[in-house]
Amino acid sequence: MQLNVPPDLETLINKRLSTGSYTNAEDVLRRALEAQDAEETWTDEERRAVSAHIEEGYLQAERGELIDGAQARQEIQAMKDDWRQSRQ
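None of these values were measured; they are calculated from a predicted model.

So, how was this worked out
Residues numbered from 1 in each chain as written. Predicted model: local features only at pLDDT ≥ 70, side-chain atom pairs only at ≥ 80, totals over all residues. Heavy atoms only, no water. Helix = DSSP H or I, 4+ residues; strand = E, 2+ residues; numbered from the N terminus. Rg over C-alpha atoms; globule rule 2.2 N^0.38 Å. Buried < 20%, exposed > 50% of the residue type's maximum accessible area, 1.4 Å probe, protein only. Areas by Shrake-Rupley, 256 points an atom, 1.4 Å probe, with all protein chains shown as cover. Lys, Arg positive; Asp, Glu negative; His and termini not counted. Charge placed at Lys NZ, Arg CZ, Asp CG, Glu CD. Contact = heavy atoms within 4.5 Å. Expected span 1.5 Å × (residues − 1). Polar contact = N/O pair within 3.5 Å; in protein donor to acceptor, adjacent residues only side chain to side chain. Patch = residues over 30% accessible without salt bridge, like charges linked within 9 Å, V, L, I, M, F, W, Y side chains within 5 Å. Salt bridge = Lys/Arg side-chain N within 4 Å of Asp/Glu carboxyl O.

Colleague: Describe the overall build of the protein chain, naming the residues involved and giving the relevant values.
Modeller: Scanning the protein chain from terminus to terminus reveals four helices and zero strands. When its helices and strands are written in sequence order, the protein chain yields α-α-α-α. In terms of C-alpha radius of gyration, the protein chain reaches 18 Å, well past the compact-globule figure of 12 Å for 88 residues. Its C-alpha atoms give the protein chain principal-axis dimensions of roughly 45 × 35 × 30 Å. The buried share of the protein chain, taken over its 88 residues, is 5%. Carbon and sulfur atoms form 52% of the exposed surface of the protein chain, whose accessible area is close to 8100 Å². Between the mean site of the 11 positive side-chain charges and the mean site of the 19 negative ones, the protein chain shows a separation of 4 Å.

Colleague: Can you lay out the side chain of Asp 27 for me, pointing to particular residues and giving the numbers?
Modeller: Following the sequence through the fold, Asp 27 ends up in helix H2 (residues 25-40). For Asp 27, the contacting residues outside a window of four places in its chain are Ser 21 and Tyr 22.

Colleague: Residues and numbers for helix H3 (residues 44-62), please.
Modeller: Because an α-helix packs 3.6 residues into every turn, residues spaced three or four apart end up facing the same way. Taking 1.5 Å as the rise per residue, H3 with 19 residues should run 27 Å; its terminal C-alpha atoms sit 27 Å apart, in good agreement. Two residues or fewer past H3, Gly 64 is found with a positive phi of approximately 80°.

Colleague: Tell me about helix H4 (residues 69-87), and please be specific about residues and values.
Modeller: With 19 residues, H4 ought to run about 27 Å at 1.5 Å a step, and its terminal C-alpha atoms sit 27 Å apart, in line with that. Measuring from the backbone nitrogen of Ala 70 back to the side-chain oxygen at the start of H4 gives 3.3 Å, which picks out Asp 68 as the cap.

Colleague: Quick rundown of the environment of Glu 56? Include the residues and the values.
Modeller: The topology assignment puts Glu 56 in helix H3. Separated by 25 residues in sequence, Glu 56 and Asp 81 place their C-alpha atoms 24 Å apart.

Colleague: Tell me about a nonpolar patch on the surface, and please be specific about residues and values.
Modeller: Residues Met 1, Leu 3, Val 5, Leu 9, Leu 12 and Leu 29 make up a contiguous nonpolar surface patch of roughly 620 Å² in combined accessible area. Look at Leu 12 and you get exposed, because its relative accessible area is 52%.

Colleague: Any details on the environment of Arg 31? Residues and values, ideally.
Modeller: Here Arg 31 shows up in helix H2. On the basis of relative accessibility, which here comes to 37%, the residue Arg 31 falls in the partly exposed class. Discounting residues that sit within four places of it in the chain, Arg 31 has contacts with Ser 21 and Tyr 22. Looking at Arg 31, its side chain comes within polar contact range of the main-chain oxygen of Ser 21, at 2.7 Å.

In structure tokens:
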């Protein structure tokens, strides 16, 4: 299949490629489509929960309740470790 990509979409694809997280344009498109498929399977309740978390994050930022990147990475790693341990 050949696709004609408009310049604005090509710019977005190239921007994603420049992050180093993608190997080629096909990878960018594949991940975008897979993410869209995953989102389409969300229930209304899941969508509301995500929106509520995002809103709370904005409110925390407005109150100045931010943490630095190192602390965020530590907290995320701890959550991952706890999750892995619970799965064993």
